[in-house]
Every structure is written in C-alpha cells, then in structure tokens.
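# Breakdown of the fold
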Protein chains: 2
Amino acid sequence: MSETGRYEDGHFWYTERQAPDVSLSIRCTHLYGERTPFQRIDFYESDTFGRFFTLDGLMMLTEKDERHYHEMLVHVPMAVHPDVRRVLIVGGGDGGTARELSRYPGIEVIDMVEIDRRVVELCRVHLPSTAGRLDEDPRIRLHYMDGVRFLREADDDRYDLVLVDSTDPVGPGEGLFSRRFYSDCHRVLGRDGILVNQHESPFYPSYSRSMQRSHQRLRDTFPIARVYLFHMPVYPSGMWLFGFASKGPDPVRDLRPDALSAQPDFETRYYTPSVHAAAFALPRFVERQLQEAAG
Amino acid sequence: MSETGRYEDGHFWYTERQAPDVSLSIRCTHLYGERTPFQRIDFYESDTFGRFFTLDGLMMLTEKDERHYHEMLVHVPMAVHPDVRRVLIVGGGDGGTARELSRYPGIEVIDMVEIDRRVVELCRVHLPSTAGRLDEDPRIRLHYMDGVRFLREADDDRYDLVLVDSTDPVGPGEGLFSRRFYSDCHRVLGRDGILVNQHESPFYPSYSRSMQRSHQRLRDTFPIARVYLFHMPVYPSGMWLFGFASKGPDPVRDLRPDALSAQPDFETRYYTPSVHAAAFALPRFVERQLQEAAG
C-alpha cells in the first residue's frame, strides 16, 4: 500500500503536503509501489488526472497535465537553437521528455541518463503514454548512472542541448543543482549550446529559495540565464519555472516560430510560439526574486 | 464553527473540493462565520496565505495571492481604454478591485454594486488590506442591490469600464453570466467601453464548460471578445481567466505600457505591461476550447 494518503468515505486519497500548512489530495486507486535503492516509487489511477506517479511521496506527473511540462521543457529550446543534433537528458525516466524530442527528425542522438533503472522499467508498464517512445526510437540511448558523474566524464562540446528533468534538490536530485554540475553542463555544450533545467517555483518560500539559488549559479556560469513560467496544476501552487541558460542564443529574440510546426508531428496541448515568448514575461514578484538572487 | 473542513493532528484544515476527486486543504484558524440571506461567509487565518475568506465554502481570496487577481482585473483594461472616467464594479464586496482602481486620479466615479451588504461589512473588519480603501476614497459609491437589476435600470452610455468581480455561476452570481446581463453591460458602456469579467478556468471540466458558455455569449454581444490567463494558486488548478470584451479597443494592440507607471502609486506584485500582453497568449488547449465555444 502507498505510504502517503488517507482514507475518507471508503476511498483512498493521495495527499501531498505542498507547504507546511497546505496540501493537495486526489481520490485514486493505488496501482503499484516499491522501494528502490534510490527512492520510493508509487503509481496511482484517478478519474480527473488519469494515471500519475510519485517519487518519495512527491508528485512527478499526471497524464492530464504532463504535456504542459514536457512540451515547455523541450519545444522552447528546440525553437531557439539553430540546429540541434545531439541532446542529453538528465533524469526524465518517465520518458516524456524523450517523447517530445523524438518528434524532430533532425536530431541524431538522444542520450538519457537516469540514476534509477526502476523508474524507466515501471513507467514502461504503468505509463506507456510517456514511456512508449523509449523503445521505439533508436536514437534514444539509455544510460543508467548518476547524471553528475555522467557529465563529469563526458567530452567537451559534445551536445547542442542539455535538458535537466530532475526532482527537487533533495535526495537523488540534489547534485543536479550544484555549481560544479552547471559548470560541466557548460563544458559539454558546443557553440550556441543551451541548458534548460527544472527550476522550482516562485510561490511557496521553500521552493522560491531553491529557485533563487539555482538562478544565481546559472548566471555565474552562462552568459545568458533566464527563467520562464508555465502552468502546472498538480505541482505546488501551479506556478512552475524552467531555467534557460545558453552560450549565445536568446530565448525570445532568436525564437523561430515555425520550428515545431515544420515537423511532421506538431500537435500540442500547451506549447505555441506565442506561449513560448509569453512565458518569459514574469510577474513582478518573480522579477524581484531574480533581482535579489543576482545580488 | 466553519462547516467546511476537518481536524487532523489537533489542527483545523479548511478543505475545498476543487473537482469531484481533488481537494485543497489549508491549516488555519477559523475567525468568524455567519449565514446571510444570500450565502454563508467565513473568515480564516493561516500562516502561508494570511487571512482568507470563503462564500458558501468556496475560496474567494487570500492575502497572499489576491493581488494577482485584482491587479489583472483592473490594470489590464485601464492600460487599454484611452480615458476612463466612470467605472462600475459588479460584486467585489471585499474591496480589492476598488482599491486598485483607486490608484488612478483620473477616475471620477467608482460605482460598486454588491448584493450582500454583510460581505462589505465583514471585510471591513477582517480584511482591511482589501476593504480599507472603501471608506477612504470618496469617489467610491456603494450600492447594495442585485447587479442584474442595477444594470437593467442604469442609463445608456453611463460607464467607460464595467468590471464583473463575481463568484462562480451558481447561487447569487448566476445572473452575472447571462446573455441579458451582458447585453445590459454593452448598453451602459460608452464609446470605447470595456467589460472585464471573472471568466472561470479552462482546466477542470465543470469550470471549462462555464468558461465556454460565457465566452460564446460575450462574442455574440461585443465586437471584441478575448480571454486572458493568469496564475491564481488558491483557485482550482491555479489557471484562471478573465474575459475582455470591448466596443473597440484591442487588449494588446492598444496597450499603453506606461499607463500604470505614470500613476503616483504604481507598485505591483503581479502586473507588468509585459505580463499584460503575455496573458493573452493562450495554451493550445485553451485556444481549442474557445474555438469550440465559437462554433
């Protein structure tokens, strides 16, 4: 049985404490759970959100809104970099990020480094809507190891794009928010290279502190460091950020609006070129947090 | 005692059912509650959200994020209409909308029609951060009556701006989503007149159906009818919309970026001119819902 939740009126409710005094609950059926050497994994099924899964009791994705996240993570840098051939995904064991990349025939290599093999194996069984492409696209190469070590050992100038699709900066994901890791990302990126990373949230204080720290480190490492905002209803507060860091391209000025629509498979649920540009317009309090982080 | 919530570990948790199988809970203290002839009103205090109040068990506002809502409701049309002198607020008994309008010295009259006198009286006591301006700005005139009837009886061409700051289309707020009401809004607006209304949410199905119905009726009534999106963390899904309908001005093309910054008091938490323009860039699934609504 899942460890996170409660029974009410004979139904199980998955419950996540989003802040010390705030929680979101979803009525659901627990499908499967196990403890791996790295973390606890649970899969659930609900009416409104479809299938969803959690790591250490924290929501990773639901079928209803995962496309907000994966489309904004992938299509933003793909519409900015002039010619992406080689991509590295750090984390992303559910396969949603690889699925979105897989739409671009011009990409030659998609390396995916996931620390926990069981995330991939279980998502193949319980979340084929995200993990289904992992076995269908021969460009995707799975590496089961720590992303920090993989980056440490990777050659210079090897990638055009690095996507850090990580958990929060606690547990297995902690090293993916460090200066040394960002520095290695910079090193393995070629000319015009872009890094996009999961960048937490500006709303609840514990998340906004992580966000500010991450932003400060990216600014110290890359000449261009911005953040962009999107709606992620099942994440705490629903306000979620990605960091966009690059060796040159500007995420708005260099946007090619037809980058996605030129692909054979271009239907989206969330992303449009207008949404892309709009996501970089930040509410005033988020601008202030970033200014504070920059000192 | 409040009727909506539960006790856990000796603490009271306000709990709102946002969808049949989704609920948000906030640990809090119940400050006051009463049943008026129109609805049940409750006030609470919490660490993360500060004071908040509910009508019939549904979240109206919290001190932490009410400025997202009130700034986006007020400053968007104020930056588009060339010269607002006379404004009508329908609903808005908490005073937050009037507070934001009060920043503009150029406005001459702010009529506010609230059906439930007790909302205003209790917000004066428990939410001075929103209701405080109601007694300080002599331009604000309070009318305690049904907004539908007030609009029915109002003179033609009387207002430059009508703001419908309503609850959901059930209970006292139901008539504020009807064709006849929108038609009266059109009639009382002068040349270049703008209507902005609370327009529900695109995410959970029950809300998106209300949103589509409201959009269809506005399109049938006004030559310009758009919707814009903002982040409202305590509302269901956090994705919330306002409707923008006008007799001429376009919400993006006619945006004057210095409209707010030219005022003596211009500090915001959420609104910026960039956020204004960006809010009209809608995720693909929201665009599709609006296209469906338009038939």
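Reading the values: the criteria
Residues numbered from 1 in each chain as written. Chains lettered and ligands numbered in written order. Predicted model: local features only at pLDDT ≥ 70, side-chain atom pairs only at ≥ 80, totals over all residues. Domains from an automatic or database assignment. Contact = placed C-beta atoms within 7 Å. Helix = DSSP H or I, 4+ residues; strand = E, 2+ residues; numbered from the N terminus. Pairing = 2+ DSSP bridges. Axes fitted to C-alpha atoms, helices over the stretch in contact; angles between N-to-C directions. Least-squares fit on C-alpha atoms with pLDDT ≥ 70 in both. Buried ≥ 20, exposed ≤ 12 C-beta atoms within 10 Å, placed from the backbone. Right-handed = clockwise from strand over helix to strand, strands pointing away. Parallel < 35°, antiparallel > 145°, perpendicular 65-115°, else oblique. Left-handed = near helix turned anticlockwise from the far one by under 90°. Nonpolar A, V, L, I, M, F, W, Y, C, P; charged D, E, K, R; others polar.

Another point: the domain arrangement of chain A. Residue and element names in this part refer to chain A. The domains assigned to chain A are domain 1 (6–61) and domain 2 (66–293). The C-alpha centroid of domain 2 is placed 24 Å from the C-alpha centroid of domain 1. Contacts between the two partners involve 19 residues from domain 1 and, on the opposite side, 20 residues from domain 2. Of all the secondary structure elements, the ones that give two or more residues to the side of domain 1 that touches domain 2 are β2 (11–19), β3 (22–35), β4 (40–46), β5 (50–55) and β6 (58–62).

For the rest of this paragraph, the subject is the sheet that holds strand β7 (residues 86–91) of chain A. All names here are of chain A. With mixed pairing, seven strands are arranged side by side in an open sheet as β9-β8-β7-β10-β11-β13-β12. With partners counted over all chains shown, the strands left at the sheet margins are β9 (140–143) and β12 (224–231), one partner each. On average, each strand axis in the sheet is tilted by 15° relative to the strand beside it, whichever way the strands run. As paired strands, β7 and strand β10 (residues 159–165) are joined by five bridges and run parallel to one another.

Right, let's get into the sheet that holds strand β10 (residues 159–165) of chain B. All names here are of chain B. Strand order in the open sheet formed by seven strands is β9-β8-β7-β10-β11-β13-β12, and the pairing between neighbours is mixed. Of all the strands in the sheet, the pair left with one neighbour each is β9 (140–143) and β12 (224–231). Adjacent strand axes in the sheet meet at a mean angle of 15°, parallel and antiparallel pairs treated alike. With five bridges connecting them, strand β7 (residues 86–91) and strand β8 (residues 109–113) associate as parallel partners. Among the inter-strand pairings, Ile89 is bridged to a residue of β8, identified as Met112. Helix-sheet contacts for helix α7 (residues 205–221) involve β12 and β13 (239–246), and the interaxial angle to β13 is about 10°.

Moving on, we get to the interface of chain A and chain B. Chain A puts 31 residues into the contact, and the matching count from chain B is 31 residues. If you list the elements that add at least two residues to the side of chain A that touches chain B, you get β3, α8 (273–278) and α9 (284–293) of chain A. Of the residues forming the side of chain A that touches chain B, the biggest block, six residues, is contributed by β3 of chain A. In this sheet, strand β3 (residues 22–35) of chain B lies alongside β3 of chain A in antiparallel orientation, the contact comprising five bridges. If you follow Leu24 of chain A over to β3 of chain B, its bridge partner there is Leu24 of chain B.

For the rest of this paragraph, the subject is unusual backbone geometry. Residues and elements named next belong to chain B. Positive phi, normally seen in glycine, also occurs at Asp157, with a value near 55°. In this fold, Asp157 is placed in the loop between α5 (147–153) and β10. Phi angles above zero are rare outside glycine, and Ser237 is one such case at about 75°. Here Ser237 is to be found in the loop between β12 and β13.

Time to look at the relation of the copies chain A and chain B. Superposition record for chain A on chain B: RMSD 0.0 Å, screw rotation 180°, translation along axis 0.0 Å. On the angle and the small slide along the axis, the relation comes out as a two-fold axis. In this assembly the copies share their binding face: 100% of the residues contributing to the interface of chain A also contribute to that of chain B.

Residues and elements named next belong to chain A. Mapping Ile107 onto the fold places it in the loop between α2 (96–101) and β8 (109–113). C-beta crowding within 10 Å serves as the criterion here: with 20 such atoms nearby, Ile107 is assigned to the buried category. C-alpha separation for the pair Ile107 and Phe230, spaced 123 residues apart in sequence, amounts to 25 Å. Setting aside anything within four residues of it in sequence, one finds Ile107 in contact with Val84, Arg85, Val87, Leu101 and Arg139.

Our next topic: the pairing of β8 of chain B. Residue and element names in this part refer to chain B. Most of β8 sits out of view: four of its five residues are buried. In this fold, the crossover linking β7 to β8 by way of helix α2 (residues 96–101) has right-handed handedness. In the sheet, β8 pairs with β9 via four bridges, with the strands oriented parallel. Bridging across to β9, Met112 finds its partner in Leu142.

Right, let's talk about the pairing of β13 of chain B for a bit. Consecutive residues of a regular strand have side chains that alternate between opposite faces of the sheet. Residue and element names in this part refer to chain B. Most of β13 is tucked away: eight of the eight residues are buried. Here β13 shows no split at all, with Met239, Leu241, Gly243 and Ala245 on one side and Trp240, Phe242, Phe244 and Ser246 on the other all buried. Looking at chain direction, strand β11 (residues 189–198) and β13 are connected through five bridges and run antiparallel. Each bridged residue has a counterpart across the sheet, and for Ile194 the counterpart in β13 is Ser246.

With that out of the way, let us pick up the packing of helix α7 (residues 205–221) of chain A against α9 of chain A. Residues and elements named next belong to chain A. For the pair α7 and α9, the least separation of the axes is 9 Å and the interaxial angle reads 55°. Viewed along their axes, α7 and α9 adopt a mutual orientation that is oblique. For α7 against α9, the interelement crossing comes out right-handed. Only Gln289, Leu290, Glu292 and Ala293 of α9 make contact with α7, whose side of the interface consists of Ser208, Met211, Gln212, His215 and Gln216. Considered class by class, the residues forming the contact of α7 with α9 number three nonpolar, five polar and one charged.

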